[in-house]
Amino acid sequence: MSFRAAAPATTTVRLLDPEGRFVETDENAEFAAAARAIPDETLLAMHRRMVLTRRFDHAGHNLQRTGQLGLWVPSHGQEAAQTGSAFALRAQDHVFPSYREHAVTMQRGVEPMEIIAMYRGQTHGGWDPDQRGNTHISTLVIGSQTLHATGYALGQKLDGDVGTGDPDRDACSIVYFGDGATSQGDVNEAYVFSASTKAPVVFFLQNNHWAISVPVSVQSPTPLVDRPRGFGIPSVLIDGNDILASYTASVVATDHARSGQGPAFIEADTYRIGAHTSSDDPSRYRADGELEDWVRRDPIVRSEAYLRSKGATDAQFAAFDEEGEDIAADVRRRTVALTPPSVDVMFDNVYREPHPLVAEQKAWLEQYEAGFEGGAHA
């Protein structure tokens with residue numbers, strides 16, 4: 001299925017309505033056909049990931065509120081957008097997350113405690129992408145990861161890992177960012193560069209309607225999905241609370257990029273139920289009615305209803321809930337036991353290979369600190 005042909009210009013791709021009923025129309029017919037082919041075990045696995053992510057997210061929020069974390073960035077409400085896209089990726093693809101993609105990073109192999117350590121301020125660099133499903137570290141500088149992904153994707157193309165027709169070799173990069181990031185120059189520069197070089201990158205925008213306290217209606221007078229089209233990048237708008245829409249659109253977009261046709265863009269219309277971060281108070285700028293409306297569109301409730309219509313049982317859902325509680329309990333227990341990392345780590349992970357200048361700096365610091373032990377600096 002061609003991304004350019006399948007992506008409707010004005011409609012929102014939705015395959016599950018808020019009650020979890022399958023929806024097929026003339027506009028979404030190709031996506032619907034792809035959704036019907038998803039194996040039941042994949043549907044259950046995606047639902048499990050959403051449930052575990054939400055429970056982990058709530059645990060992180062509670063740890064911050066009890067003083068165990070310096071900051072927490074919640075993902076409640078955005079689980080379907082993230083999970084569907086993550087399941088569409090291949091092992092050789094590279095992932096460039098921002099700071100809210102807990103479902104994506106954990107699905108790719110990042111350990112929950114690696115995320116916790118980052119927000120506790122006890123890591124010098126997050127994790128090694130080579131050991132975590134080609135998942136690069138979370139980016140806090142708004143929008144900069146779009147340039148990182150574009151540059152890496154161009155490298156994939158120059159290495160000959162695009163458009164070969166070999167599903168085990170062809171690769172792409174996917175980058176996640178929010179609606180607020182679309183106002184950043186880095187993001188628009190990434191559009192220009194990726195389009196002009198036909199870099200195999202998928203831009204995955206999670207439009208959760210608020211860039212902290214600024215609504216998307218103030219950020220952009222035109223729909224965000226229209227912006228990349230002006231740069232020559234095909235784009236599609238999906239219901240971001242629909243796991244099937246996210247998965248199928250991501251399959252099409254990543255196939256488009258891997259085949260050598262250049263970048264693609266997905267806007268997932270979703271909502272952050274919680275605050276922007278634990279430092280934010282959304283009650284100061286959001287209306288209660290708006291929040292309640294989006295709560296009724298809960299992606300996990302929608303997915304569960306669909307799975308029940310396909311025969312999923314109470315026992316299966318109970319098992320997911322129990323596993324989520326186990327993860328939360330484990331995170332609570334291990335967070336308070338975290339110890340500061342060795343100073344060596346900040347030198348060891350500067351470059352991929354050992355570097356003589358970094359080794360010299362590391363040796364100098366070791367010698368300097370050793371002087372304190374002998375009282376030379378007392």
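Under an unreviewed UniProt entry, the name given to the protein is 2-oxoisovalerate dehydrogenase subunit alpha, and the organism recorded is Curtobacterium citreum. The heading Sequence similarities (unreviewed entry) in the UniProt record of the protein holds the text "Belongs to the BCKDHA family." According to the UniProt record, the Function (unreviewed entry) comment for the protein reads "The branched-chain alpha-keto dehydrogenase complex catalyzes the overall conversion of alpha-keto acids to acyl-CoA and CO(2). It contains multiple copies of three enzymatic components: branched-chain alpha-keto acid decarboxylase (E1), lipoamide acyltransferase (E2) and lipoamide dehydrogenase (E3)."

Quick look at the packing of aromatic side chains now. If you walk through the whole model with that rule in mind, you get 14 aromatic pairs. Ring geometry for Tyr-176 against Phe-204: centres 5.3 Å apart, planes inclined by 50 degrees, an arrangement best described as tilted. With Tyr-176 in strand S3 (residues 173-178) and Phe-204 in strand S4 (residues 201-207), the pair connects residues that are 28 residues apart, well separated along the chain. Like Tyr-176, the residue Phe-204 is buried in the burial classification. Arranged with centres 5.2 Å apart and planes meeting at 80 degrees, the rings of Tyr-368 and Phe-372 form a pair that is edge-to-face. One end of the pair, Tyr-368, and the other, Phe-372, are both in helix H15 (residues 356-373), 4 residues apart, so they sit about a helical turn from each other. Using a relative accessible area of 36% as the deciding quantity, one classes Tyr-368 as partly exposed. Cation over ring: Arg-297 sits above Trp-294, and NZ or CZ is 4.0 Å from the ring centre.

This brings us to the UniProt feature "domain: Dehydrogenase E1 component" (unreviewed entry) in the protein. Within the UniProt annotation, "domain: Dehydrogenase E1 component" (unreviewed entry) is assigned to residues 48-315. Across residues 48-315, helical content stands at 42% and strand content at 12%; the span's end C-alpha atoms are separated by 13 Å.

For strand S8 (residues 264-269), a buried count of 5 out of 6 residues is recorded, marking the element as mostly surrounded by other parts of the structure. Bridge count for S4 against S8 is 6 bridges, and the pairing is parallel. By the bridge assignment, Asn-207 is partnered in S8 with Asp-269. Taken together, the 5 bridges between strand S7 (residues 235-239) and S8 define a ladder with parallel strand orientation. Counterpart to Asp-239 in the pairing with S8 is Asp-269. Remark: the S7/helix H10 (residues 243-261)/S8 crossover connection has right-handed handedness.

In this section: the pattern of salt bridges. Under the defined criterion, the tally for this structure stands at 25 salt bridges. For Asp-40, the salt bridge is made with Lys-310, and the minimal N-O distance between the two is 3.4 Å. Of this pair, Asp-40 sits in helix H3 (residues 40-65) while Lys-310 sits in the loop between helix H12 (299-309) and helix H13 (314-335), and the two are 270 residues apart along the sequence. Here Arg-297 ties to Asp-293 by a salt bridge, and the two come within 2.4 Å at their closest N and O atoms. Classification of Arg-297 by relative accessible area gives partly exposed; the value is 26%. Relative accessible area serves as the criterion here: at 26%, Asp-293 is assigned to the partly exposed category. Linked through salt bridges whose partners overlap, the residues forming this network are Arg-90, Asp-93, Asp-255 and Arg-258.

So, how was this worked out
Residues numbered from 1 in each chain as written. Predicted model: local features only at pLDDT ≥ 70, side-chain atom pairs only at ≥ 80, totals over all residues. Heavy atoms only, no water. UniProt positions renumbered as here; feature names shortened; annotations may be inferred. Phe/Tyr/Trp six-rings, centres within 6.5 Å; stacked < 30°, edge-to-face > 60°. Helix = DSSP H or I, 4+ residues; strand = E, 2+ residues; numbered from the N terminus. Buried < 20%, exposed > 50% of the residue type's maximum accessible area, 1.4 Å probe, protein only. Lys NZ or Arg CZ within 6 Å of the ring centre and 35° of its normal. Pairing = 2+ DSSP bridges. Right-handed = clockwise from strand over helix to strand, strands pointing away. Salt bridge = Lys/Arg side-chain N within 4 Å of Asp/Glu carboxyl O.

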